[in-house]
Amino acid sequence: MDQEYQNILVPVDGSKESEQALHRAIFVAKRNGAHIDILNVIDTRAMAYNFAGMSDGSIAYQLVDKSKEYLDGLLKSAKTKDGFDNLDIHIRLGNPKTIISFDFPHDHHNDMIIMGASGLSRMQRAVMGSVTSYVKRNAPVDVLVVRTDVDQPKD
């Protein structure tokens, strides 16, 4: 029996791996007639660490603006290059691990998460831990980790 997914979450962070995951998600969504939620989580823990808590709020606004620009570009590309428009973009602030694993799928009724293997450098993974590893261990829905940029079969 084949699993049919209806609402796929794709967390993106600007990395090549996360964009490969989005392309794979579009392929899966087209086959299943599914909706895609593209999510960018702005890690407030990193913001506090990098700016030593001296932010007046303008840094958060700047990060949200940059995130919106990035997500708008992904949305436009999905519509024009991939011919797929059943998707929405979202921005959340907080801990990416818990937002991707629990909060967002609960709020948006996602039944699958498709994400890149890692968007962090080795040093960042050692310090912060891999978001992908956490999500695949803890999310209550199926998680597909995309590791390759393999050409997808044509419909």
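Parameters at a glance
Residues numbered from 1 in each chain as written. Predicted model: local features only at pLDDT ≥ 70, side-chain atom pairs only at ≥ 80, totals over all residues. Heavy atoms only, no water. Pairing = 2+ DSSP bridges. Helix = DSSP H or I, 4+ residues; strand = E, 2+ residues; numbered from the N terminus. Axes fitted to C-alpha atoms, helices over the stretch in contact; angles between N-to-C directions. Contact = heavy atoms within 4.5 Å. Core = buried A, V, L, I, M, F, W, Y, C linked by side-chain atoms within 4.5 Å. Buried < 20%, exposed > 50% of the residue type's maximum accessible area, 1.4 Å probe, protein only. Salt bridge = Lys/Arg side-chain N within 4 Å of Asp/Glu carboxyl O. Parallel < 35°, antiparallel > 145°, perpendicular 65-115°, else oblique. Left-handed = near helix turned anticlockwise from the far one by under 90°. Nonpolar A, V, L, I, M, F, W, Y, C, P; charged D, E, K, R; others polar. Polar contact = N/O pair within 3.5 Å; in protein donor to acceptor, adjacent residues only side chain to side chain. Arc of directions from axis to C-beta.

(A) Quick peek at the sheet that holds strand S3 (residues 87-94). In space, the 5 strands of this open sheet follow the order S3-S2-S1-S4-S5, with parallel pairing throughout. Both edges of this open sheet fall to S3 and strand S5 (142-146), since each of them pairs with a single strand only. Direction aside, neighbouring strands of the sheet carry axes that sit 25° apart on average. Sitting on the sheet, helix H1 (residues 16-32) touches strand S1 (7-11), strand S2 (35-43), strand S4 (112-116) and S5, and the angle it makes with S1 is about 170°. Docked against the sheet, helix H4 (residues 96-108) engages S1, S2, S3 and S4, running at close to 135° with respect to S3.

(B) Quick look at the nonpolar core. By size, the foremost hydrophobic cluster in this structure holds 23 residues, and its most contacted members are Ile8, Val10, Leu22, Ile36, Ile38, Leu87 and Ile114. Ranked by residue count, the leading element in this core is H1, at 7 residues. Beyond its immediate chain neighbours, meaning those up to four positions away, Leu87 contacts His35, Ile36, Ile38, Leu75 and Ala78. Among the nonpolar cores identified, the runner-up in size contains 12 residues, and Leu39, Val41, Ile113 and Val131 belong to it.

(C) Geometry of the environment of Ile38. Mapped onto the fold, Ile38 is located in strand S2. Exposure remark for Ile38: the relative accessible area of 0% places this residue in the buried category. Ile38 sits 13 residues away from Ala25 along the chain, and the two C-alpha atoms are 9.9 Å apart. Once you skip the residues sitting within four places of it in the chain, Ile38 turns out to touch Val10, Val12, Leu22, Leu71, Leu74, Leu87, Asp88, Ile89 and His90.

(D) Fine view of the pattern of salt bridges. Within this structure, the stated rule accounts for 2 salt bridges. The shortest N-O distance in the salt bridge between Arg92 and Asp107 comes to 3.1 Å. In this pair, Arg92 sits in strand S3 while Asp107 sits in helix H4, placing the two residues 15 residues apart along the sequence. Residue classification places Arg92 among the partly exposed residues on the basis of a relative accessible area of 22%. Judged by relative accessible area, which is 43%, Asp107 ranks as partly exposed.

(E) Local environment of the packing of H4 against helix H6 (residues 131-138). Where H4 contacts H6, the two axes come as close as 9 Å, and the packing angle between them is 30°. Our classification of the angle between H4 and H6 gives roughly parallel. Between H4 and H6 lies a crossing whose hand is right-handed. On H6, the residues touching Pro96, Lys97, Thr98, Ile100, Ser101 and Phe102 of H4 are Val131, Tyr134, Val135 and Asn138. Of the residues that constitute the contact of H4 with H6, the class distribution is 6 nonpolar, 3 polar and 1 charged.

(F) Structural detail: the side chain of Ser130. Structurally, Ser130 is set in the loop between helix H5 (122-128) and H6. Of the polar contacts made by the side chain of Ser130, one reaches the backbone nitrogen of Thr132; its length is 3.3 Å.

(G) Focus on H6. Every buried residue of H6 is accounted for by Val131, Thr132 and Val135. Down the axis of H6, the smallest arc covering the buried residues is 95°, so these residues share one side. Where H6 is buried, its residues contact H4, S4 and S5. For H6, the N-terminal capping position is held by Ser130, with its side-chain oxygen 3.3 Å away from the main-chain nitrogen of Thr132.

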